[in-house]
Amino acid sequence: MVRYVTRKALGWLLMIVVATNATYFLASWFLDPRSNFKELRPVRSEEQIDRALAPYNLDPSVPLVHRWWDWFTGVFLRFDWGKSPTGVSVNGEIGYRSLISAELVVIATVLSVVIGVALGVYTASRQYGWADRVTQAVSIAVFNIPTSVAALAVVFVAIWLNQHAGLHFLYVAGENSPNVEGLLPTVGDRLLHLILPTLTLTLMGYVGYHLTQRALLLDTINAEFVRTAQATGLTRTQAIRRHALRAALIPTAASVAFSIPSIFTGAIITETIFGWNGMGRYFIQTISKNDVHGTVATAAFAAALTAIGAILADIATVFLDPRVRVS
Amino acid sequence: MTLATTVPTQPATPTGATPVLSVRDLRISFPSEAGPVQAVRGVSFDLLPGRTLGIVGESGSGKSATAMGIMGLLPPTADLRGQVLLGGRDLVGLGDKALSEVRGNAIGMVFQDPLSALTPIFSVGRLLSDALRVHQDLSKRAAWEQAVELLGLVGIPDPRERAKSFPHEFSGGMRQRVVIAMAIANKPSVLVADEPTTALDVTVQAQILDVLRLAQRETGAGLVLITHDLGVVAGHADDIAVMYAGRFVEQAGVRELFRRPTMPYTARLLAAVPTVDSGVHRPLVPIGGEPPRLVDLPPGCPFASRCAVALDACRTDEPELREVTGHGHVACVRADEIADGSLDPAGGVAPVHRAAERSGTGEVVLRVEDLVKTFPITKGALLKRRVGTLRAVNGVGFELRAGETLGLVGESGSGKTTTLLEVLRLRKPEGGRIEIAGTDVSTVETTARKRELRRDVQIVMQDPLGALDPRLPVFDLLAEPLQAIGRDRESIRSRIAELLALVGLDPSVGDRFPAALSGGQRQRVGIARALATEPKLLALDEPLSALDVSVQAGVINLLARLQRELGLAYLVVAHDLAVVRYVSDRIAVMYLGHIVETGDTETIFADPKHPYTRALLSAIPVPDPERERTRERVVLQGEQPSAARLPAGCAFVDRCPLYRLAADDVRERCRTERPAPAEVAGQPGHQYACHAV
C-alpha cells in the first residue's frame, strides 16, 4: 500500500510540475503587468514601467525563457514563488490565505458530506415516503438558488436575528474582530465569524451529495444481495448499512476527494460577501491585476490539492472495496 | 380481510410428526396503479421436517411472493395476511427486528440468481462468517473456521483458500453453493429455495440439486422448493403444490400428481412441457390464452377461460381446494370425474403435430466451414498487453438447408452464441468460411451488397422486452426494417398487416407499446420483425427461455408453422435441450468452441455417442417421478474450463467419465490428439468426435 501510494504520488508530482510550468508560460503570454501602470498619472514611460517591474522578475524586455528560468530556480531551490507586480510576496499571501480558506471550507465540506450522505441514505430507504418528498423538494429548491442570493439571504436573516435578539454573535463580515487578545478569545471570535459562511457553504454543498447519494443507494438498495443479507438475519436497516451503502459510497468518496481543489479556490462569492480573504478571491485578484506569479502559484496550489484528492480517493476506494487489490 | 375462508384440512401426516412450518390462508397483495394486485390469495400448507414441498407455477402465479411472505422479505408496501406458523409462532405481523431473529436462524433461503445474490465487496468467507455471527456468539476466528467447514460441506474444493476469494472469482454454480452454505449456516429447520437452479446450466443444475439434498439431510430441515420446472420437482419433492393465479389449485404427493394430474391446469401444463424422455416424440399441446392478471379478478375459476372442460358453474364460483379420494387436494368442480378417469382434462384438444415429412433437400442456405473466433485477453490499465487468447469458436462447421432447423446446444461458454453472432456479422471470419445463400461473405465488398445479404439473415432475440424499443408502438417496430430496405408507405402498411396475421396477432396490437403486451405476444412481435424482410435464414438466440411453459408451446408451434409455410431455415441456440428437441431437425452439441457431436435430433436423443452429449442429456430432469428417481444419471464433475487454456488434445478430457476408465493408450491419445469427427455406421449424418467410444 505504501509503495503504491508513493508511486502514485510521484506520478502526480510530475504532473504538477508540468502543469505549473505550462501555466507559467500561458500566464506570461496573456497577463501583461504593464497595463497596471496605464491608469497611473503622471503617465509612466515604457522604461519606467520596465524598471519598476524588473526587481520582481516581470520585466517584459527580458526574454521569457530567462524570466522562467529565474522563477523556476527560485521555486526549486528556495521554494520562493516570486512577487506580485507591486512587490508583495506570493508565498506570504498563499500561506496566509490558504489557512483562511481551510478554516472556511474544511468544516463546511465535512458538514456537507455528512449531512448530504446521511440525508441520501435516510431518504433512499424511504423512497417516495413523505420525508423523501419533502427533503427532495427542499434540496432541489436550494440547488437552484445562486450562491450569492443564498449568502445574502443568510446575511439578512442574521442581521434580523441580531437586531431582534439584541445580540451580536452572528458576524456577517470578516474572518476576525480587531482587538481580540489571548488564545481562547481569539479562537472563540474566529469560530463565531465562521458560523454564517459555513452555513452558506454547507447549504450550497450538501445538496449535490444528498441527491447523488440517494440515487446511488437506490441502485443498490434493491439489489438481490441486500435481500440475501436480510435472509441471513439482518434487519433491513442493517442490511442496507452493511451491504448496500458501502458499495454506494465509493463514487461519493471519489467525488468528495476530487472536489477539494474546487472548494478551496471556488468559494469566491461566499468569500466576497462575508469579506473573507481566502484563496478564491486571491485567484480572481491575481488574474485581474495581471499578477503572473500569484496566478501560477494558485494553479500549483490547486494542482497539489487535486493530487492529494486523487490519492485520497484511491485509498478510500481500496478501503471500501477490497476487491480492488493494490498491485 | 375478515372473510371466513375455510382452511382445507391437510392430508394426515404419515409419521404423525409435527410440522415445522404451517402456512394458513396466506394472502399477499401489492398496490399498483390499476388497483391492488392480489399476488397470493389464500395459500395453506404444512411442511414436515426432512420433507420437501415443491411449489410449481408460472411467472406471476405468486410462488415467489409466497416465499418472500414466509421469509418476511416483502417490500413494506405489500399487504400480508394469514398465518405463517414456524414452530408454533406466528410470523405474520412481527416487526423487522423480531423477524430478523428468525430469518437465517430458523429459516434459511436460497435465491434464484447466484450472480447477484452475494455482496460483491465481501469475501465469501466474510459473508458466511457474518451470517453465522448474526445469530451465534462466535469469535471472528471461530466463525471463519465454521465458514470454511461449510464451504467444504457444499463441495467447494480447497475451502480454506477459496474462503478468501470474492464472489466474482467464482462461477455461477460455485456461487450457488455459497448461497446454500449461507442458508444452512445456522442449521435452520426450514429451507426455502426460490428457483435455485433456473439461472444455471443443466449439468450444474444436477450438481446443485444434489447439494441441496445434502444440505437438507445435514440439517434435517423441511424444504420448500419453488420452481417452474416440473422435472426438478419430479425428482426432488415429496409433495407438490401447483400454483395458479395466486392459489394452490392442486396439492398432492409427487407420485399421485404425476400419475394422474387432476386439475385441468396441471394436466395441460404437463402436456405442454417438452421432454427428453426416451421413446416416442410426444406432440406438444399448448394451453391457449394467457394467465389472468391479478387485479380485479372476475368471479369464477381463474383458469376457466383457458380450460377445455370448463362448465358454466366454473365461471361463476371459484372452487375451493378439496380432497379427492386417493389423490390429494384439487380446486376443480370436475376433479372427481378427472380423478376416476372418466374425463380427459385436455378436453380432447387435438395435439398439434409437427409436419411429419421433413425435407432436408432444399437449397443450402448457410454453410459454415472451419469457423474460428478468438478474443484477446488483455492486462494492464493504460497499455493493454495481450496475455492470452480465448478460443471461443474453434473449427466449427455445419450446413443448413431451407426448411430445416439446426439446434446448437451446449453449456454457457461453449461458443454457441458466438457462432451465431459470427454468422450474423456478415464479415470475413477470422478463420474459415461462411456462405449464406450461396454467397461467400468474405467476397461481399460493397455496403449495398451487404445490405442485400442482411435481408436474408435475421435474428430473434432471447428477451423480447429488451430487444424491442419500449418507446415505439408495434406498428413502428415492424415498419423499421421495412423502411430500412426502402419500401414505400403503402406497401409497408399492407406488409405489417400481413406480418401480424402471420404470427397470429390481432391487427389492433399495432397501436400498442411492447410494455402493454404479454411475454408471448412480445416474442411474436420479435418474430414478425425478423420476418419483415422475408429472410431465408432466421437465427434464434434462446427464443423461448424468457417465456412461460404454457406460452412456450404456442411459440414452438408458431415457429414450426412459419417454417412449413415460408420454407425458412432456422439456426437455433438454446440451452434447454427439451425445447431443442421439439424445434430442431438436427442438433450440433458444442463444448468449448468445438462441435463434439452432430446428427439428426431423434438419433442423438435415442443413441448419443459422445460422453458429453450423454451427460448433457442425462442431466435434464424428467417430469416423471418414477423414472426420474430410478434412472441412472451421468453427473459430470466440475465445470466447463475456461476457453483460454484449451487442452492440447480433446477439449472434454478434464471432465470426461470415459477418460477415467479408458486404457492407457487411449488416454494418451485423448490428452495429445484432437479427435476428428467420425461417422456412426448406419446413421448417415451422425458424427461424433471421441477417441474412447
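Residues numbered from 1 in each chain as written. Chains lettered and ligands numbered in written order. Predicted model: local features only at pLDDT ≥ 70, side-chain atom pairs only at ≥ 80, totals over all residues.

## Considering the overall build of chain B
Reasoning step 1: Assigned secondary structure in chain B consists of 24 helices and 24 strands.
Reasoning step 2: A compact globule built from 693 residues should have a C-alpha radius of gyration of about 26 Å, and chain B, at 26 Å, falls within 12% of that.
Reasoning step 3: Dimensions along the principal axes, computed over C-alpha positions, put chain B at roughly 75 × 65 × 55 Å.
Reasoning step 4: Within chain B, buried positions represent 51% of all 693 residues.
Reasoning step 5: Across chain B, the fraction of contacts at a sequence separation of at least 24, relative to all contacts at a separation of at least 6, is 68%. (Helix = DSSP H or I, 4+ residues; strand = E, 2+ residues; numbered from the N terminus. Rg over C-alpha atoms; globule rule 2.2 N^0.38 Å. Buried ≥ 20, exposed ≤ 12 C-beta atoms within 10 Å, placed from the backbone. Contact = placed C-beta atoms within 7 Å.)

## Topic: the overall build of chain A
Reasoning step 1: Counting its regular elements, chain A contains 12 helices and zero strands.
Reasoning step 2: Secondary structure elements in chain A, listed N-terminal to C-terminal, are α-α-α-α-α-α-α-α-α-α-α-α.
Reasoning step 3: Projected onto its principal axes, the C-alpha positions of chain A cover 80 × 60 × 40 Å.
Reasoning step 4: Of all 327 residues assigned to chain A, the portion counted as buried reaches 35%.
Reasoning step 5: Within chain A, contacts between residues separated by at least 24 positions form 71% of all contacts whose residues are at least 6 apart in sequence.

## Comments concerning the packing of helix α7 (residues 202-219) of chain B against helix α21 (residues 611-619) of chain B
Residue and element names in this part refer to chain B.
Reasoning step 1: The N-to-C vectors of α7 and α21 enclose an angle of 55 degrees; their axes lie 8 Å apart at closest approach. The angle between α7 and α21 places the two elements in the oblique class. For the pair α7 and α21, the crossing hand works out as left-handed. Where α7 approaches α21, its residues V202, T203, Q205 and A206 are matched on the opposing element by A615, L616 and A619.
Reasoning step 2: Tallied by class, the residues present in the contact of α7 with α21 amount to five nonpolar, two polar and no charged. (Axes fitted to C-alpha atoms, helices over the stretch in contact; angles between N-to-C directions. Parallel < 35°, antiparallel > 145°, perpendicular 65-115°, else oblique. Left-handed = near helix turned anticlockwise from the far one by under 90°. Nonpolar A, V, L, I, M, F, W, Y, C, P; charged D, E, K, R; others polar.)

## Points about the interface of chain A and chain B
Reasoning step 1: With 19 residues of chain A at the interface, the matching set in chain B holds 24 residues.
Reasoning step 2: Secondary structure elements with two or more residues in the side of chain A that touches chain B: α8 (224-231) and α9 (236-266) of chain A.
Reasoning step 3: With seven residues, the single largest contributor to the side of chain A that touches chain B is α8(A).
Reasoning step 4: Among the residues forming the side of chain A that touches chain B, the class breakdown is seven nonpolar, six polar and six charged.

## A word on the sheet that holds strand β21 (residues 586-591) of chain B
Residue and element names in this part refer to chain B.
Reasoning step 1: Across the sheet, which stays open at both edges, the eight strands sit in the order β18-β19-β20-β15-β21-β22-β24-β23 with mixed pairing between neighbours. Only two strands of the sheet have a single partner each, and these edge strands are β18 (457-460) and β23 (678-679).
Reasoning step 2: Each of β21 and β22 (594-600) is contacted by α21, which is oriented at about 105 degrees to β21, the strand it contacts most. (Pairing = 2+ DSSP bridges.)

## Thoughts on the sheet that holds strand β3 (residues 52-56) of chain B
All names here are of chain B.
Reasoning step 1: Strand order in the open sheet formed by eight strands is β6-β7-β8-β3-β9-β10-β12-β11, with mixed pairing between adjacent strands. Among the strands making up the open sheet, the edge pair consists of β6 (107-110) and β11 (322-324). Taken pair by pair, the neighbouring strands of this sheet meet at an average axis angle of 25 degrees, ignoring direction.
Reasoning step 2: Summarising the sheet, strand β9 (residues 239-244) and strand β10 (residues 247-253) pair through six bridges and their orientation is antiparallel. By the bridge assignment, D239 is partnered in β10 with G253.

## Description of helix α1 (residues 63-71) of chain B
Residues and elements named next belong to chain B.
Reasoning step 1: For α1, the buried fraction is high: eight of the nine residues fall into the buried class.
Reasoning step 2: Along α1, the residues that are buried comprise K63, A65, T66, A67, M68, G69, I70 and M71.
Reasoning step 3: Positioned one or two residues after α1, G72 has a phi angle of 70 degrees, which is positive.

## Overview of the packing of helix α3 (residues 124-135) of chain B against helix α6 (residues 172-184) of chain B
Residue and element names in this part refer to chain B.
Reasoning step 1: Two numbers describe how α3 lies on α6: the axes approach to 9 Å, and their chain directions differ by 20 degrees. One finds that α3 runs roughly parallel with respect to α6. Crossing of α3 against α6: the hand is right-handed. Two secondary-structure elements touch here, α3 through V124, L127, L128 and A131 and α6 through V178, A181 and M182.
Reasoning step 2: For the contact of α3 with α6, a count of residues per class yields seven nonpolar, no polar and no charged.

## Brief notes about the confidence of the model for chain A
Reasoning step 1: Per-residue confidence for chain A gives a mean pLDDT of 87; residues scoring 70 or more make up 99%.
Reasoning step 2: Within chain A, helix α2 (residues 46-53) of chain A has the poorest average pLDDT of any element, 83, and helix α5 (residues 130-143) of chain A the best, 92. (pLDDT = per-residue confidence, 0-100.)

## A few points about the domain arrangement of chain B
All names here are of chain B.
Reasoning step 1: Looking at the assigned domains, one finds that chain B contains domain 1 (262-353) and domain 2 (364-599).
Reasoning step 2: Of the residues lining the interface, 12 residues belong to domain 1; the matching set on domain 2 comes to 14 residues.
Reasoning step 3: Class assignment for the residues of the side of domain 1 that touches domain 2 results in 10 nonpolar, one polar and one charged. (Domains from an automatic or database assignment.)

## Some details on the pairing of β22(B)
Residue and element names in this part refer to chain B.
Reasoning step 1: When you tally the buried positions in β22, you get six out of seven residues, the bulk of the element.
Reasoning step 2: Across six bridges, β21 lies against β22 in antiparallel orientation. By the bridge assignment, I587 is partnered in β22 with G599.
Reasoning step 3: Note: β22 against strand β24 (residues 687-688), two bridges, orientation antiparallel. Its bridge partner lying in β24, T598 is registered against Q687.

## As for the pairing of β3(B)
Residue and element names in this part refer to chain B.
Reasoning step 1: Within β3, five of the five residues are buried, which leaves it mostly tucked inside the rest of the structure.
Reasoning step 2: Bridge analysis of β3 against strand β8 (residues 222-227) gives five bridges, and the strand direction is parallel. Bridge pairing in β8 links G54 to L225.
Reasoning step 3: Alignment of β3 against β9, held across four bridges, turns out to be parallel. Bridge assignment links G54 to a residue of β9, and that residue is I240.

## Section: the environment of B:L311
Residue and element names in this part refer to chain B.
Reasoning step 1: Looking at where L311 falls in the secondary structure, it is placed in the loop between α10 (264-272) and β11.
Reasoning step 2: According to the C-beta neighbour criterion, L311 is exposed, with 12 such atoms within 10 Å.
Reasoning step 3: When the C-alpha atoms of L311 and G222 are compared, they prove to be 38 Å apart, with 89 residues separating the residues in sequence.

## Describing unusual backbone geometry
All names here are of chain B.
Reasoning step 1: Notably, D158 is not glycine yet its phi reads approximately 55 degrees, a positive angle.
Reasoning step 2: Structurally, D158 is set in the loop between α4 (140-153) and α5 (159-162).
Reasoning step 3: D158 gets classed as exposed once you count the C-beta atoms within 10 Å, which come to 10.
Reasoning step 4: In the Ramachandran plot, K187 falls in the positive-phi region, its phi being about 50 degrees despite a non-glycine side chain.

## Side note on the confidence of the model for chain B
Reasoning step 1: Looking at chain B as a whole, the pLDDT averages 85, with 94% of positions reaching at least 70.
Reasoning step 2: Across the interfaces of the predicted complex, the ipTM metric reaches 0.77, alongside a pTM of 0.80.

## Looking at the environment of B:G222
Residue and element names in this part refer to chain B.
Reasoning step 1: Residue position: G222 is located in strand β8.
Reasoning step 2: Overall, the presence of 25 C-beta atoms within 10 Å leaves G222 in the buried class.
Reasoning step 3: Separated by 33 residues in sequence, G222 and S189 place their C-alpha atoms 6.2 Å apart.
Reasoning step 4: If sequence neighbours within four positions are ignored, G222 has contacts with V20, L21, L47, L48, P49, G50, R51, S189 and V190.

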